[in-house]
Amino acid sequence: MIDQSMIDKITELKAKYPKKESALMPALMLAQKANSNNLSEEDMEKVAALVGVTSGKAFGVATYYSMYNAVKNVGKYHLQVDTNIPATLMGALKIVDYLEKKLGIKEGETTKDGLFTLSTVECLGSCGTCPVVQVNDVYYENMTTEKLDSLISSLQEGVMPVKEVNYNFGTECNVLLKNRGLENSTSIDTYIQTGGYKALEKAMAMEPQAITNEVRNSAIRGRGGAGFPAGVKWGFLPKNTGKPIYLICNADEGEPGTFKDRQIMEYDPHLLVEGMIISAKAIDSNLGFIYIRGEFEWIADILEKAIEEAKVNNKMSDIDIIVHRGAGAYVCGEETALIESIEGKRGQPRMKPPFPAVEGLYGCPTIVNNVETLASVPFIIDKGAEAFKAFGYENNTGFKLFGISGAVNKPGVYEYPMGISFNKLIEAAGGVKGNLKAAIVGGLSVPILKPEELNNLNMDYDSCIKHGTGLGSGGIMVISDEFSIPELALRTIQFYAHESCGKCAPCKEGSHTIVMILKKLLAGHGTIKDIAKLEEIVNTINNVGSTLCPTGQAFAMPIKAMIEKFRDEFTRLIK
Amino acid sequence: MQITINGKSLEAKKGQNVLQVAIANGIYIPHLCYHEKVGAAGKCRACVVEIEGMRGLQTSCSVPVREDMVVETKADTVLQAQRLVVDLMLSSGKHDCLSCEQSGHCELQDAAYYLGIERPTCQYGDINREVDETSEFIKIDRNKCISCGRCVAACNNTVVNQVLDFGYRGHDTEIVFNTDKKMAESTCVQCGECSQICPVGAIIDKHAIGLGRLWELDKVETVCPYCGVGCKLNLHIDRKSNKIVKVSGVEGSPTNDGMLCVKGRYGFDFVGHEDRLTTPLIKEDGQFREASWEEAIELVASKFTSIRDEYGADTIMALASAKVTNEENYTFQKLIRTGIGTNNIDHCARL
């Protein structure tokens, strides 16, 4: 119910942002939480009126993002099982089966007593700790059937159990994961004790241009996936426009296989905050945003606490940072979609140009950088570009977080210099579980590689390109011979079809059509013509510009590679 | 400036986009979301072309022309991309040209014709979307919708009624009225701008269904008879039955630029209505009888004159109508003030 205290909260939210429409998403979420996790039509209309947008806009937003329960009703405990690729590789489907049997309902249904709703969801950014079940807003990771039993009985008694945290990690560089194993690693005291905020002190005495030069000299390439040099990006900002400049941290970590940014935010939030304060100074920005995927609610809280601590400790005299939660939309990782989302709209990509550096958030110059990129800035400023370049090699400089999931013994996040060999990384992750069949090394959007292609692969931008794939976000998914590639292809395209924003025709209908073709093939009803149609679609969408944003290529490339490299598995499906 | 499209050097003006130059020079590039009135959206991807020096395919609707730009609209990759877009749209909807009201002026049909697509080849599932016939004048068939967004842009930015929007996501994306209400239950005022701008048969003028293909109808440009704004409209007339089948706004007209209100667009049934008066009537002994204009005007004039002479001019008052023009209203008040001699003149256009 929307009572006076919620009206006050929504009024506060409207005042927090430069434009009131940005309050729409958090306001809808407040209304949903106050109504047992369901968003009613009446509340949608009220929120729209309070925020000052049309009811159509509110409905459009509420049905775009998967975390709003606007047209579905969920029970008291919404059990959401991640069944994306890493999760499937790590046994999530067995978890779904078990829950279906245990609760006596099918996926998508609610128990008669209204206590449980069971859903399968796409990547929760928890690939190293799959299977994962998200209950309302809480992640329960590394699930087994035994753990499910105790989770369900606890929930039946009305108690949300305390979640266990048990992640694998390792670091050879000691930068981004330096504080990872420490107690109270999120507190500013710990951060300062281990040398934190020294870089900021140094940056405060530097001219903005000198900071930009240092970052440019480090040659750090964007860690979100595209690999564009961050310093060069900053240089695209137009001078003296009279408009404010915004810095946005892209923390919408949603590329399947990727769960690196959360390690920084969850365990060393001040590293990101410090990186943002320094970067904001470099680009002359007084307002920053951290756009964090909606599912990471508790991490958003950690970040807000860190920002508060930084303010109390006088680290943020010239800048404020707003943590803005998404609400379940992969495409918001694309920077213009992310900007639309902060503006309170459906997170769909814009046409480019204009690029965000010229016309971004609220029509103002905007820089969007990934968490890991911004978290590397304190090191670059403190130790210098040369020290950064001591890691890796030319054009592929610095340290990098690699997330390893799937068929390995110790899935987790590992920090190594750029150019580390694939084999050494796998060794760090405890080696392959079973027989290696293939690996996808840069998040789900890059072409799959066979064992012989992985042999001399080094994990950096150039080597990956040379091997016919991409470094992307550095999310490695290892596939053992237990898994069929056509099934993997179906799971892959189901993800993209689910996440396609629906704005441009070829992505919207192309992804859906591929799902239908693969289902037909896997059901044994396919023909050779269907495979040809499949290839025709992916070959066409693989051309840059055939879709509005890179999501088209993000599914065309991997599906194309799966068919071409494992063709016999596809043709074998034809009876 | 000069640009080259398909090897032909063409005159272009700064500020134009590639598609506008092509259209102006009779070069067809399929385009389903772009419309002059709502601008470029980059959504349908049917207007992609190759432009020398630019990476990948470019949407011609969004790329501004540059001096000496070289554009290719018939390269293999271009046609391949366009074909896939149009094929996917045809495959994902019920585009039954045989009975579709839009056949003949459907832009998807034009695109398929240009690309030589005989039948959709990507049909892999059932299509069963909602048809909404709840409203008085407009039929919404979401099975024919290609999500081009013209109607949403027109409703929000052109006529600013702010009823239509996009709801849901991906393949499930649909146009919605308010919070996905039925059209009749929404705040829609039935202005019909969405129907006029829809490139396919998804938003249709209900009362015109089955009454004739557009190409069979005569188009008569005229001015709306309702109010003094003077919106330009086209009457689409079936000469055989001598009936108005539908009305559309005239795009580019300085008064209304294609927009109309519910009355102007849909309120034309009075024209041929049997209750309509075709001659003046004079009431005698409680009964109306037909009369000539001369007789009727003579009667009114003589009655007014005798009332004025007997009781004074201020016993008469006049009320003018917003359905006529300013000029006619001016003449009317002149008649009352100078002819009858009273200032008792008012107008219905007041709140």
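Residues numbered from 1 in each chain as written. Chains lettered and ligands numbered in written order. Predicted model: local features only at pLDDT ≥ 70, side-chain atom pairs only at ≥ 80, totals over all residues. Heavy atoms only, no water.

Draft legend 1. Local environment of the overall build of chain B. Scanning chain B from N- to C-terminus turns up 8 helices and 17 strands. A globule of 351 residues ought to have a C-alpha radius of gyration of about 20 Å, yet chain B, at 27 Å, is considerably larger. In terms of principal-axis extent, the alpha carbons of chain B reach across some 90 × 50 × 40 Å. Across the 351 residues of chain B, 47% fall into the buried class. When contacts within chain B are restricted to residue pairs at least 6 apart in sequence, those whose partners lie at least 24 apart make up 55%. Split by element, the accessible area of chain B, about 18500 Å² in all, is 52% carbon and sulfur. Mean positive and mean negative side-chain charge positions of chain B (39 and 48 charges, respectively) differ by 3 Å. (Helix = DSSP H or I, 4+ residues; strand = E, 2+ residues; numbered from the N terminus. Rg over C-alpha atoms; globule rule 2.2 N^0.38 Å. Buried < 20%, exposed > 50% of the residue type's maximum accessible area, 1.4 Å probe, protein only. Contact = heavy atoms within 4.5 Å. Areas by Shrake-Rupley, 256 points an atom, 1.4 Å probe, with all protein chains shown as cover. Lys, Arg positive; Asp, Glu negative; His and termini not counted. Charge placed at Lys NZ, Arg CZ, Asp CG, Glu CD.)

Draft legend 2. Expanded view of the environment of B:L79. Residues and elements named next belong to chain B. Tracing the backbone shows L79 in helix α2 (residues 76–91). Along the primary structure L79 and V49 are separated by 30 residues, whereas in three dimensions their C-alpha atoms are 8.6 Å apart. Those residues in contact with L79, other than ones at most four positions away along the chain, are T73, K74, Y114 and L115.

Draft legend 3. Geometry of the interface of chain B and chain A. On the side of chain A, 46 residues touch chain B, which itself brings 40 residues to the contact. With both sides pooled, the region where chain B packs onto chain A buries about 3500 Å², and carbon together with sulfur makes up 58% of that total. By the criterion of area lost to chain A, the three top residues of chain B are B:Y124, B:R169 and B:T179, representing 24% of everything that side buries. Run the count over chain B and chain A and you get 4 salt bridges. Here A:E41 makes a salt bridge to B:K181, at a shortest N to O gap of 2.9 Å. (Buried area = accessible area lost by both parts, 1.4 Å probe. Salt bridge = Lys/Arg side-chain N within 4 Å of Asp/Glu carboxyl O.)

Draft legend 4. Summary view of the nonpolar core. Residues and elements named next belong to chain A. By size, the foremost hydrophobic cluster in this structure holds 94 residues, and its most contacted members are Y65, Y68 and F289. Among the elements that take part in this core, helix α21 (residues 485–499) stands out by supplying 8 residues, more than any other. The residues contacting F289, other than those within four sequence positions of it, are Y17, P18, Y246, L247, I248, C249, M276, I322, I342, L361 and Y362. Ranked by size, the runner-up nonpolar core spans 91 residues in total, among them I105, Y140, I220 and L247. (Core = buried A, V, L, I, M, F, W, Y, C linked by side-chain atoms within 4.5 Å.)

Draft legend 5. Broad picture of the packing of aromatic side chains. All chains considered together, the criterion is met by 24 aromatic pairs over all chains. Ring geometry for A:Y191 versus A:Y197: centroids 5.1 Å apart, planes at 80°, classification edge-to-face. Both residues of the pair, A:Y191 and A:Y197, count as buried. The interplanar angle of 0° and the centroid separation of 4.9 Å between the aromatic rings of B:F137 and B:Y266 together place this pair among those described as stacked. In this pair, B:F137 sits in the loop between β6 (131–132) and β7 (138–141) while B:Y266 sits in helix α6 (residues 262–266), placing the two residues 129 residues apart along the sequence. (Phe/Tyr/Trp six-rings, centres within 6.5 Å; stacked < 30°, edge-to-face > 60°.)

Draft legend 6. Geometry of the domain arrangement of chain A. All names here are of chain A. By the assigned domains, chain A splits into domain 1 (4–62), domain 2 (77–156), domain 3 (175–389), domain 4 (392–480) and domain 5 (485–571). A straight line from the C-alpha centre of domain 2 to that of domain 3 covers 32 Å. On the side of domain 3, 13 residues touch domain 2, which itself brings 12 residues to the contact. In this assembly, domain 2 packs against domain 3 so that about 900 Å² is buried in total across both faces, 53% of it on carbon and sulfur atoms. In terms of surface lost to domain 3, no three residues of domain 2 exceed G125, D137 and Y139, which account for 44% of the buried area on that side. Taken together, the connections running from domain 2 to domain 3 amount to 1 salt bridge. (Domains from an automatic or database assignment.)

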